[in-house]
Structures are given as structure tokens and as C-alpha cells.
Amino acid sequence: MLPHLAVSRRTRSTPFTSRVEAAGVKGYTVYNHMLLATQFDSYEADYWHLCEHVQVWDVSCERQVAIVGPDAYQLVQLMTPRDLRKAKVGRCFYLPLCDEDGRIINDPIAIKLADDRWWLSIADTDVVLWAKGLATGMQLQVKVYEPDVWPVAVQGPKAEQLMSRVFGESVKDIKFFGIQPMTYQSPTGAVVFQVARSGWSKQGGFEIYVDNAIAGQALWDELFQQGQDLQVRAGCPNLIERLESGLLSLGNDMGYDTTPLEAGLEQYVDLEADVVSLSLAALRQHTPSKRLMGLVLDSDAQITDNHLTIEQQAVGEIRSQCWSPKYGVHLAFVLCQLQPLGNNLEVNVQTTAGSQNARLTELPFEFDKLGLNAL
Ligand code: THG
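It should be emphasised that the depicted structure is a prediction, and the values quoted were computed from it without experimental measurement.

1. Points about the packing of helix α5 (residues 159–167) against helix α6 (residues 213–226)
In step 1: As a packed pair, α5 and α6 sit with axes 10 Å apart at the nearest point and diverge in direction by 120°. On the basis of the axis angle, α5 is oblique to α6. The element α5 and its partner α6 pack so that their crossing is right-handed. In this structure, α5 uses L162, M163, R165, V166 and F167 to contact α6, whose residues at the interface are L219, E222, L223 and Q226.
In step 2: Along the lines of polarity and charge, the residues of the contact of α5 with α6 split into 6 nonpolar, 1 polar and 2 charged.

Spelled out as C-alpha cells, the structure:
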């Protein structure tokens, strides 16, 4: 018998769990102490459907850490090395959160809802505890809590078409990483949800921050009714799609063992900014010893070992990997040790067909430059 996940109150369900199960979910992971679907059909079938149609994802596990009060900006800025002084209300920001050594604690999407109200839409670590500790220790005037908000993502090339049927044409005016309140006419009356153009795929789409479970369930059902002819399906973040798109997964690809400069997130670090941030002093002094890179293995043999070697010497490890049906190669995110690696871009990977050569490259993958064409 396959091991199964025992679900209890600790492995929190969501308002959509019964619907996800009715849609035939095949696997779960636990993320922020909450259920997250990993698979409905095969990874590959889920992938092709996501790239061609539209999916509705229960991403309730992207919990919100609300930071509310006159010192809200100060606390968010303390937690991130990204300069947020010019952040505007109604915008989302991808942020590394880093500790005093510059190590990554989380990589949320921060949402500025008002000057004194931020949400951090977090990845899988307990940011609320750290944020509360900082607020108490620094005597900041803020409330820090996890509100009951259950994000629903609508992803895929037909997402805009489906969303405009449910929320009206004006949903099309939301720009990438913009967020605005949108009205949904639920069977029990009008409700307003924050809607952003974002999501953990590069197929286009939106995220709806559901803060009313009953209306949210009606919205879920409405998305499926309105999307029938668009072949809408329940889905979830997809391993293949996110590797092809270069989206990092905290705890897999980077985390407490990496700084944003090692994880390739330097574009979200403002070393020169004159702001009060816990990690900036350490990051200014920091010389990276590792680098998260892409790996292309032109073979369909299975990878049997996570180590990358050059002449038997370990130079890095595979953090996430998949078979890309679009490019006909294995793709991986690998954490390389810069000292033994040097300038080498050719490494060995152990597979069921023996030791094979693989190429290292910068992330995100540039398939054109790699000479890889979609099959
Ligand atoms: N949506 C919401 N919350 C989340 C995620 C999400 N919380 C957890 C996790 N995902 C956080 N991690 C990421 C990682 C990448 C992106 C979003 C969240 C992302 N990156 C784009 C990119 O890399 O191209 C854009 C970044 C930018 O231009 O600023 O979208 O998915 N609500």
C-alpha cells in the first residue's frame, strides 16, 4: 500500500477541499500547514492542459501575513532588502525576506493595500512568528496576524477570457502585479475581492484573494460553469511549467541555506538603498559561495543521484528537476559550489544510463540561446 497523508486539523483543509477532491486530486503536499494539490492527471497531462487552456487552483496555502498600523511600512522594510520606499498602493512586489545574516526566510508577494496595510502572501515558512517577534522587539505600532484569506488562482492562456466573464471586462485593465478590488455578483449578493494579475505560472492569469468562504465557493462553481467551453479544469502549481518558467520554490531551490545573491534574486535586492533593513549590512559584505543555476541534460534516462560532479569531485546538487516534454530534455535547478566549479559549464550527472554530460546555464532558461526548440 502506498503511504497516505493523514489529514487532521493540523493539516488544514480549505473552503475548496471538497471541490478539489470531487475534481479527482491525485496527490497533496502540505504547505504552510495546509493542503496543496500537486497533481490531478499526470504531471505531463496537467502541464499541457495548463499551457493550452485554463485552470482554477486552490492556493489557499499561500497564506497572508497582514501587517497593519502606522509602522507597517517600517516592519516590511525591516524584513526585506528590496527598497520599498516608492511602493504604490494597489501594487504587488516579489520580495526576498532575509535575516540579519542575509539568509532567505521567505519569498512572498507583498501587497500594498493601503499606506498602513500590507499583506505578505507567503511561501512555506512561519513568517508570522518572525514578524511578530520583530514588531514586539522593535516596539513597532503594528498588528501582525494571518487573516482568513484563501487565494484562488486562475491560470492559463484562456484565463483572461474566463475572468472577464465572471468579473466583467474591467478585469482586463489590471496590469501585471497590479491588484484591485473587483465585484463578484454571488447568488447571495455582491461581494468584493482583491484580484491581482499574478500567479505561479508564466501562462498568464490572475489570483483572487477570497476572504469570504461561502461566496468563494460560489465563485469557484461559477468559474467552472462559465468555463465549460474553455475546457476549464481544477489544477495546481505544476513542476514542469514552473521549471521551464524559472519560478523558484522556497525550501526546494533556496531557503535558510542561501542568500538572495546566491539564489539569483539580486534584482530584488537594493544594496545601495538608504533604508532600515535587517539584512542589508550583511548582504553588502557578502561574497556568494554558491549559485543557483539551470541544468540541461539532453537525455531521457532517469537521474539517479542529486550530485553534480567534475572528475568525481562534487560541484553542486540538484534541487528540483523534471522531464520537459516541450524541449525533450531534463531541466533542473541546481545549487553550485562556486569554488570547485570555477568557470566550468559542463558537469556529470548519474543516470540509469550511466554518467552523462549536462550543461549549466543562467536562470531563467533561455531556450533559444540554448539551441532548444519546442518539439
Ligand atoms: N502567488 C501568491 N502568493 C505566493 C505565490 C504566488 N506565495 C508563495 C509563492 N508563490 C511565492 N513565490 C513566488 C515566486 C515567484 C513569483 C511569485 C511568487 C513570480 N515571479 C515572477 C518572475 O519571476 O518572473 C515576477 C516577479 C516580478 O517581476 O516582480 O511571479 O504565486 N499570491
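2. A closer look at helix α4 (residues 127–137)
In step 1: Three or more residues of α4 are buried, namely V127, V128, W130, A131, L134 and A135. Buried residues in α4, looked at end-on, bunch into an arc of 165°, giving them a common side. Seen from the open side of α4, the exposed residues pointing more than 90 degrees away from its buried face are L129, T136 and G137.
In step 2: Among the structural elements, β4 (64–68), α3 (72–79), β6 (97–98), β7 (104–106), β9 (117–121) and β10 (143–145) are those in contact with the buried residues of α4.
In step 3: Phi for Q139, located one or two positions after α4, is positive at around 50°.

3. Things to note about the site of the ligand
In step 1: Close contacts around the ligand come from 17 residues, with E62, S121, K202, E207 and Y209 the closest.
In step 2: D107 is positioned with one of its backbone polar atoms (N or O) 3.3 Å from a nitrogen atom of the ligand.
In step 3: One nitrogen or oxygen atom from the main chain of I122 is found 3.4 Å from a nitrogen atom belonging to the ligand.
In step 4: Protein contacts shield 86% of the accessible area of the ligand, which totals 650 Å² for the unbound molecule.
In step 5: Among the residues forming the shell around the ligand, the class breakdown is 11 nonpolar, 2 polar and 4 charged.

4. With respect to the nonpolar core
In step 1: By size, the foremost hydrophobic cluster in this structure holds 38 residues, and its most contacted members are I111, M254 and L265.
In step 2: If you tally residues by element for this core, the top one is strand β19 (residues 329–337), at 4 residues.

5. As for the environment of S60
In step 1: Position of S60 relative to the elements: it lies in the loop between β3 (55–58) and β4.
In step 2: Here S60 falls in the buried class, since its relative accessible area comes to 0%.
In step 3: The spatial distance from the C-alpha of S60 to the C-alpha of E262 is 29 Å, given a sequence separation of 202 residues.
In step 4: Those residues in contact with S60 that lie beyond four places of it in its chain are T14, P15, F16, M34, V149, W150 and P151.
In step 5: Side-chain polar atoms of S60 contact the side chain of D58, separated by 2.6 Å.

About the thresholds
Residues numbered from 1 in each chain as written. Predicted model: local features only at pLDDT ≥ 70, side-chain atom pairs only at ≥ 80, totals over all residues. Heavy atoms only, no water. Axes fitted to C-alpha atoms, helices over the stretch in contact; angles between N-to-C directions. Helix = DSSP H or I, 4+ residues; strand = E, 2+ residues; numbered from the N terminus. Parallel < 35°, antiparallel > 145°, perpendicular 65-115°, else oblique. Left-handed = near helix turned anticlockwise from the far one by under 90°. Contact = heavy atoms within 4.5 Å. Nonpolar A, V, L, I, M, F, W, Y, C, P; charged D, E, K, R; others polar. Buried < 20%, exposed > 50% of the residue type's maximum accessible area, 1.4 Å probe, protein only. Arc of directions from axis to C-beta. Near = heavy atom within 4 Å. Polar contact = N/O pair within 3.5 Å; in protein donor to acceptor, adjacent residues only side chain to side chain. Areas by Shrake-Rupley, 256 points an atom, 1.4 Å probe, with all protein chains shown as cover. Core = buried A, V, L, I, M, F, W, Y, C linked by side-chain atoms within 4.5 Å.

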